[in-house]
Amino acid sequence: MAGSKCAFHVKLFLERWIAIKPAATTSLQSESDCEPQPAGMTEAKSQWKERVEALSVLQWVLTFLFMGVGCLVLLVALMFTRLWPISALCFTWLVVDWDTPERGGRRTSFVRKWKVWEHFRDYFPIKLVKTAELDPKKNYILGCHPHGIMCAGGFSCFSTEGSGFAEAFPGIRSTLAILAGLFKIPIFRDYIMSAGLCPVSKPSLTHLLSKSGTGNAVVIVIGGAAESLASAPGMNTLVMKQRKGFVRLALEFGADLVPVYSFGENELFKQVIFSEGTMGRKLQDLFKKIMGFAPCLFVGERLALLPYKTPITTVVGRPVSVPKRITPTEEEVDHYHGLYMEALTKLFHEHKVSCGLSESHKLRII
């Protein structure tokens, strides 16, 4: 009995203090690798590794929530001090560089390959699953679902190289399109452009699909702010039935449509969801109409800001072939919108069990 107790304490000590080096540097997996690992088969992590992962995610959350506002407040405050030339230079650069976000932006591989994004990926962890090849001689519009609260899966897979997108799809350049208003904030705009983000505006998307050659994968979070209000654990609700602008854009430029689903995205935060017609929901809708994004009342695992450690599996589906139509008709838009929804629904049901959901789980599209 004493020997077994001693062995148990030695084992516990080793598990807590010995760091095991990861076997791979990316989370790229094939379609068959979506199966969750059996209990006890995941690699142990040192306390140091866990802290670094938590800090990596925390800096991302704080950037998402406060960096834009912080940059504005700081620059305005500096205008009333002896450091006012700094603010003047920043606002002057904003005017001079105004059109750059809608002309492809200014991405740098240095930022996209930061080590911090690998720790960010490992926190959940996030996996990218490839189900089909993408031809570098074509352009694509990837519809990313669901939005969740902060779209962690979409960011990791398409705005960083932490999840191995470039390795999975050689010759394809991914660009995540986000709220256009964020590119009007000094300093913050330069930071998000360096990660390859671009505005989800017609001029920006037109440039990427027509003036940047081929091999472009423009990633659009179709549900947007409205979908974030429906994000909650156990729910898979997509706002898409009336969202057809991305299909029209695909037809105008002959870009194939690719459905993408991030399983686990809605499990990261708990959210207070207000029913339609309530005062809380009306205030959220009013704020969304004015500002372009919705104020979600959410809470995470630690410090109320860190998301729950839930695995996210981002599955990139097979392309839906789309012809080029300079002036697509409403019938054509409806037809390819229907094909896209069918492909997305099929993708969801083919992978839901292997990615942690029950066979009876439904996908709700509104």
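The preceding data block contains the structure.
1. Some thoughts on the packing of aromatic side chains
- A full pass over the atoms with the stated rule returns 18 aromatic pairs.
- Considering the side-chain rings of F120 and F155, the 6.0 Å spacing of their centres and the 80° angle between planes classify their relative orientation as edge-to-face. Of this pair, F120 sits in helix α5 (residues 115–123) while F155 is found in helix α6 (residues 152–158), placing the two residues 35 residues apart along the sequence.
- The buried category is assigned to F120, whose relative accessible area is 0%.

2. Let's talk about the environment of L297
- As for its position among the elements, L297 is in the loop between α12 (279–291) and β10 (298–299).
- For the pair L297 and F269, spaced 28 residues apart in the sequence, the C-alpha separation amounts to 9.7 Å.

3. What about α12?
- The first and last C-alpha atoms of α12 sit 18 Å apart over 13 residues, in line with the 18 Å expected at 1.5 Å per residue.
- The set of residues buried in α12 consists of G280, R281 and Q284. Viewed end-on, α12 has its buried residues packed into an arc of 95°, placing them on one side of the element. More than 90 degrees from the buried face of α12, the exposed residues found are M279, K282, L283, K289 and I290.

4. What to know about the nonpolar core
- Core analysis: the largest hydrophobic core is formed by 50 residues, its most contacted members being W60, F120, F124, L142 and F158.
- Element by element, the count of residues in this core is highest for helix α2 (residues 47–78), at six residues.
- In terms of nonpolar packing, the next biggest core, distinct from the first, is built from 35 residues, V218, L238, V322 and C355 among them.

5. A closer look at unusual backbone geometry
- A cis amide bond, omega -5°, links F124 with the succeeding residue P125.
- Structurally, the position occupied by P125 is in the loop between α5 and β2 (126–130).
- Between H145 and the following residue, P146, the backbone shows a cis peptide bond with an omega angle of -15°.
- Structurally, P146 is set in the loop between β3 (140–145) and α6.

6. Topic: empty space enclosed by the protein
- Following the criterion strictly, the structure yields one cavity of 30 Å³ or more and no others.
- As a volume, the largest cavity reaches approximately 50 Å³.
- Taken together, G104, G105, R106, R107, R173, T175, M193, G196, L197 and L208 make up the full set of residues lining the largest cavity.
- Split by residue class, the lining of the largest cavity holds three nonpolar, four polar and three charged.

7. Thoughts on the packing of helix α9 (residues 202–210) against helix α11 (residues 245–253)
- Where α9 meets α11, the closest approach of the two axes is 11 Å, and the angle between their N-to-C directions is 35°. When you trace α9 past α11, the crossing you get is right-handed. Here α9 contributes K202, L205, T206, L209 and S210 to the contact with α11, which in turn contributes L249, E252 and F253.
- Each residue belonging to the contact of α9 with α11 can be placed in one class, and the counts come to four nonpolar, two polar and two charged.

Rules used throughout
- Residues numbered from 1 in each chain as written.
- Predicted model: local features only at pLDDT ≥ 70, side-chain atom pairs only at ≥ 80, totals over all residues.
- Heavy atoms only, no water.
- Phe/Tyr/Trp six-rings, centres within 6.5 Å; stacked < 30°, edge-to-face > 60°.
- Helix = DSSP H or I, 4+ residues; strand = E, 2+ residues; numbered from the N terminus.
- Buried < 20%, exposed > 50% of the residue type's maximum accessible area, 1.4 Å probe, protein only.
- Expected span 1.5 Å × (residues − 1).
- Arc of directions from axis to C-beta.
- Core = buried A, V, L, I, M, F, W, Y, C linked by side-chain atoms within 4.5 Å.
- 1 Å grid on protein atoms, 1.4 Å probe; cavity = no way out; pocket = protein on both sides within 12 Å on 5 of 7 lines; lining within 4 Å.
- Points joined across faces, edges and corners; volume = space filled by probe spheres on them.
- Nonpolar A, V, L, I, M, F, W, Y, C, P; charged D, E, K, R; others polar.
- Axes fitted to C-alpha atoms, helices over the stretch in contact; angles between N-to-C directions.
- Left-handed = near helix turned anticlockwise from the far one by under 90°.
- Contact = heavy atoms within 4.5 Å.

Without other data, these values stay purely geometric and don't point to any function.
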